[in-house]
Amino acid sequence: GAVVSQHPSWVICKSGTSVKIECRSLDFQATTMFWYRQFPKQSLMLMATSNEGSKATYEQGVEKDKFLINHASLTLSTLTVTSAHPEDSSFYICSARAFPGDRPNEQFFGPGTRLTVL
Amino acid sequence: AQSVTQLDSHVSVSEGTPVLLRCNYSSSYSPSLFWYVQHPNKGLQLLLKYTSAATLVKGINGFEAEFKKSETSFHLTKPSAHMSDAAEYFCVVSENAGNMLTFGGGTRLMVKP
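Structure report, in brief. (Residues numbered from 1 in each chain as written. Chains lettered and ligands numbered in written order. Predicted model: local features only at pLDDT ≥ 70, side-chain atom pairs only at ≥ 80, totals over all residues. Heavy atoms only, no water.)

A few words now on the packing of aromatic side chains. All names here are of chain B. Evaluated as defined, the whole model comprises 13 aromatic pairs over all chains. The interplanar angle of 50 degrees and the centroid separation of 6.4 Å between the aromatic rings of tyrosine 50 and phenylalanine 74 together place this pair among those described as tilted. Within this pair, whereas tyrosine 50 is found in strand β6 (residues 44-50), its partner phenylalanine 74 is found in strand β9 (residues 73-78), the two being separated by 24 residues in sequence. Residue tyrosine 50 is classed as buried on the basis of its relative accessible area, which comes to 8%. When the ring of phenylalanine 90 is compared with that of phenylalanine 103, the centres are 6.1 Å apart and the planes differ by 80 degrees; the resulting orientation is edge-to-face. (Phe/Tyr/Trp six-rings, centres within 6.5 Å; stacked < 30°, edge-to-face > 60°. Helix = DSSP H or I, 4+ residues; strand = E, 2+ residues; numbered from the N terminus. Buried < 20%, exposed > 50% of the residue type's maximum accessible area, 1.4 Å probe, protein only.)

All right, on to the pairing of strand β2 (residues 10-13) of chain A then. All names here are of chain A. Taking every second residue as pointing to the same face, the buried face of β2 carries Val11 and Cys13, while none of Trp10 and Ile12 on the other face is buried. Summarising the sheet, β2 and strand β11 (residues 113-117) pair through four bridges and their orientation is parallel. Among the inter-strand pairings, valine 11 is bridged to a residue of β11, identified as leucine 115. (Pairing = 2+ DSSP bridges.)

At the junction of the two partners, chain A supplies 19 residues and chain B supplies 20 residues. In this assembly, chain A packs against chain B so that about 1600 Å² is buried in total across both faces, 50% of it on carbon and sulfur atoms. Where chain A touches chain B, the interface holds zero salt bridges. Where chain A meets chain B, there are four residue pairs in polar contact (both at pLDDT 80 or more). In terms of residues, the side of chain A that touches chain B owes the most to one element, strand β4 (residues 30-38) of chain A, which gives four residues. Among the residues making up the side of chain A that touches chain B, the classes are represented as eight nonpolar, seven polar and four charged. (Contact = heavy atoms within 4.5 Å. Buried area = accessible area lost by both parts, 1.4 Å probe. Salt bridge = Lys/Arg side-chain N within 4 Å of Asp/Glu carboxyl O. Polar contact = N/O pair within 3.5 Å; in protein donor to acceptor, adjacent residues only side chain to side chain. Nonpolar A, V, L, I, M, F, W, Y, C, P; charged D, E, K, R; others polar.)

Residues and elements named next belong to chain B. Looking at the element boundaries, glutamine 2 is found in the segment before β1 (3-6). Within the structure, glutamine 2 has its side chain in polar contact with the backbone oxygen of valine 93 (distance 3.4 Å). Setting aside residues no more than four positions away along its own chain, glutamine 2 makes contact with Ser26, Ser27, Val93, Ser94, Glu95, Met100, Leu101 and Thr102.

See below:
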């Protein structure tokens, strides 16, 4: 149980285009989903936290107009990188947290999406 | 505020020898602590977690960690390394029941044959 998927797993796009990454909780409902970014050989940095049905909360330094997050249902959150540039190339990882009371201290991570912007 | 420091960016061991990955944390409250493993180009897999129960926590694949409040440490150990253990390991702290995770810088474990 507690499986999180991401799609696509790998995407290459041209500079200036927009890319949408999906994060799904497959066998549980996620009240909260998180988006992280990981540069090569570095740790994960939290980008934003999204709660179902409300606006995402972005970490300091993360452009909310560039990284659009939508959490329209309890099993799906999307991250759209708008007008992508080569410096947006990174490994994007989502995680999901289940309803309170169901393994409340744990986030379940997706397999990640590698974005390469040419 | 919470923070976590992984004391070694790289650790190299021979297959069959013990593994020690060090982690120190800082937290204003009683934290939850986690160790995750990440294989190349893969997502994160939870190895074990501490959430104020037993201080010695056993995880998957023979790993365990001991929470030492007096030392603010949560070191990860394994008695005998296997080649498949080669990966990146992250120590993670959370103060508010998993709603915000703070990651350490990671330790790359290399296992020599």
